[in-house]
Amino acid sequence: MAHPDHHPVASPVPPLVPPPPPPPALSRTAAALIVVSVLGVSAAIGRRNAPDPSHPRTRRWYKRLDKPSYTPPDAVFGAVWPVLETGLAVGGYRLLRQPSGPRRTSAVGLWLLNTAMVGGWTEIFFHKRALRSGAVVAGTMVATGGAYVAAAAKVDRPAALLGVPFVGWLGFATLLATRISARNPDSDAADAR
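Just so we're clear, the structure is a prediction, and the values are computed from it rather than from any experiment.

Analysis parameters
Residues numbered from 1 in each chain as written. Predicted model: local features only at pLDDT ≥ 70, side-chain atom pairs only at ≥ 80, totals over all residues. Heavy atoms only, no water. 1 Å grid on protein atoms, 1.4 Å probe; cavity = no way out; pocket = protein on both sides within 12 Å on 5 of 7 lines; lining within 4 Å. Points joined across faces, edges and corners; volume = space filled by probe spheres on them. Helix = DSSP H or I, 4+ residues; strand = E, 2+ residues; numbered from the N terminus. Nonpolar A, V, L, I, M, F, W, Y, C, P; charged D, E, K, R; others polar. Core = buried A, V, L, I, M, F, W, Y, C linked by side-chain atoms within 4.5 Å. Buried < 20%, exposed > 50% of the residue type's maximum accessible area, 1.4 Å probe, protein only. Contact = heavy atoms within 4.5 Å. Phe/Tyr/Trp six-rings, centres within 6.5 Å; stacked < 30°, edge-to-face > 60°. Arc of directions from axis to C-beta.

### Topic: the layout of surface pockets
It is the rolling of a water-molecule-sized probe over the atoms that shows where space remains empty.
Phase 1: Here the largest pocket is characterised by a volume of approximately 760 Å³.
Phase 2: If you go around the largest pocket, you meet 30 residues; those closest to its centre are P51, F77, W81, T122 and F126.
Phase 3: Taken together, the elements giving at least two residues each to the lining of the largest pocket come down to helix 1 (28-49), helix 2 (56-64), helix 3 (74-96), helix 4 (102-127), helix 5 (131-153) and helix 6 (157-183).
Phase 4: Among the elements that take part in the lining of the largest pocket, helix 6 stands out by supplying 7 residues, more than any other.

### Remarks on empty space enclosed by the protein
Phase 1: Counted by the stated rule, this structure contains 1 cavity of 30 Å³ or more.
Phase 2: One number sums up the size of the largest cavity: a volume of about 30 Å³.
Phase 3: What lines the largest cavity is simply L39, S42, A43, E85, L88, T115 and V118.
Phase 4: For the lining of the largest cavity, the elements supplying multiple residues, two or more each, are helix 1, helix 3 and helix 4.
Phase 5: The leading source of residues in the lining of the largest cavity is helix 1, at 3 residues.
Phase 6: Grouping the amino acids of the lining of the largest cavity by side-chain chemistry returns 4 nonpolar, 2 polar and 1 charged.

### Section: the nonpolar core
Phase 1: Ranked by internal contacts, the top residues of the largest apolar core, which has 37 residues, are W61, L95, W121, F125, M141, Y148 and F166.
Phase 2: Breaking this core down by element, the ones donating at least two residues are helix 1, helix 2, helix 3, helix 4, helix 5 and helix 6.
Phase 3: If we ignore the near neighbours within four places in the chain, the residues touching Y148 are L88, G91, G92, L95, A107, L110, W111, N114, A159 and G163.

### Re the environment of F126
Phase 1: Here F126 is to be found in helix 4.
Phase 2: Given a relative accessible area of 10%, F126 falls into the buried group.
Phase 3: Each C-alpha atom, one on F126 and one on Y62, is 7.8 Å from the other, the two residues being 64 residues apart in sequence.
Phase 4: Ignoring any residue separated from it by four or fewer positions in sequence, one finds F126 in contact with N49, P51, T58, W61, Y62 and W121.

### Points about the side chain of T122
Phase 1: With respect to the helices and strands, T122 occurs in helix 4.
Phase 2: Given the relative accessible area of 11%, T122 is considered buried.
Phase 3: Apart from the residues within four sequence positions on either side, T122 is in contact with I45, G46, N49 and H127.

### Things to note about the packing of aromatic side chains
Phase 1: In this structure the tally under the stated criterion is 10 aromatic pairs.
Phase 2: Seen from their ring centres, W81 and F166 are 6.4 Å apart, and the 75° between their planes marks the pair as edge-to-face. Taken together, the positions of W81 in helix 3 and F166 in helix 6 put the pair 85 residues apart, joining distant regions of the chain.
Phase 3: Residue F166 is classed as buried on the basis of its relative accessible area, which comes to 1%.
Phase 4: Aromatic pair W121 and F126: ring centres 5.6 Å apart, planes at 90°, arrangement edge-to-face.

### Things to note about unusual backbone geometry
Where the residue is not glycine, phi is negative for most of them; where a peptide bond is considered, it is trans in most cases.
Phase 1: Non-glycine residue R129 carries a positive phi angle of around 60°.
Phase 2: Following the sequence through the fold, R129 ends up in the loop between helix 4 and helix 5.

### Thoughts on helix 2
Phase 1: Of the positions making up helix 2, those classed as buried are T58, W61 and Y62. An end-on view of helix 2 places all buried positions within 95° of arc, on one side of the element.
Phase 2: Packed against the buried residues of helix 2 are helix 1, helix 3, helix 4 and helix 5.

Shown next, in the form of structure tokens:
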């Protein structure tokens, strides 16, 4: 017989509370507008500095540079960059569509930094003709590109994988920019000031 003052001890079972919903992601429209705006500005800056027939002075300067034998023809650059930029666009869109949070914020921040640096590099290398600075910025972009891929992998693996060719090309571009700078010390107009 149980003692009248004795109460059975209830086992500590927490109440079943559903986890809070993930923070909202950006809408498809907002994500697409951000991607188009960011890559559009970067592409416009890059286009303004391109050594193509529409910029004859820059083209003549670039053609006169002593470049290593493994420098790709202009057509290769024209074919590679749209592919890389498409990978960045899709990767950025995928990241922006993920629920917000510190990891997504970090990955999107690095995505923004890298897309801005693409246009910025053309401004330094082609417009200012600062070859040494261009090589340093290219090397920095390898590091920031690698950080972008690592951060994106924690949020959306396909976005990260789409960034891998970008980082690989940046590695090659850094090698190329470094060799061009070393072979053309007198052409380094901005760095000589």
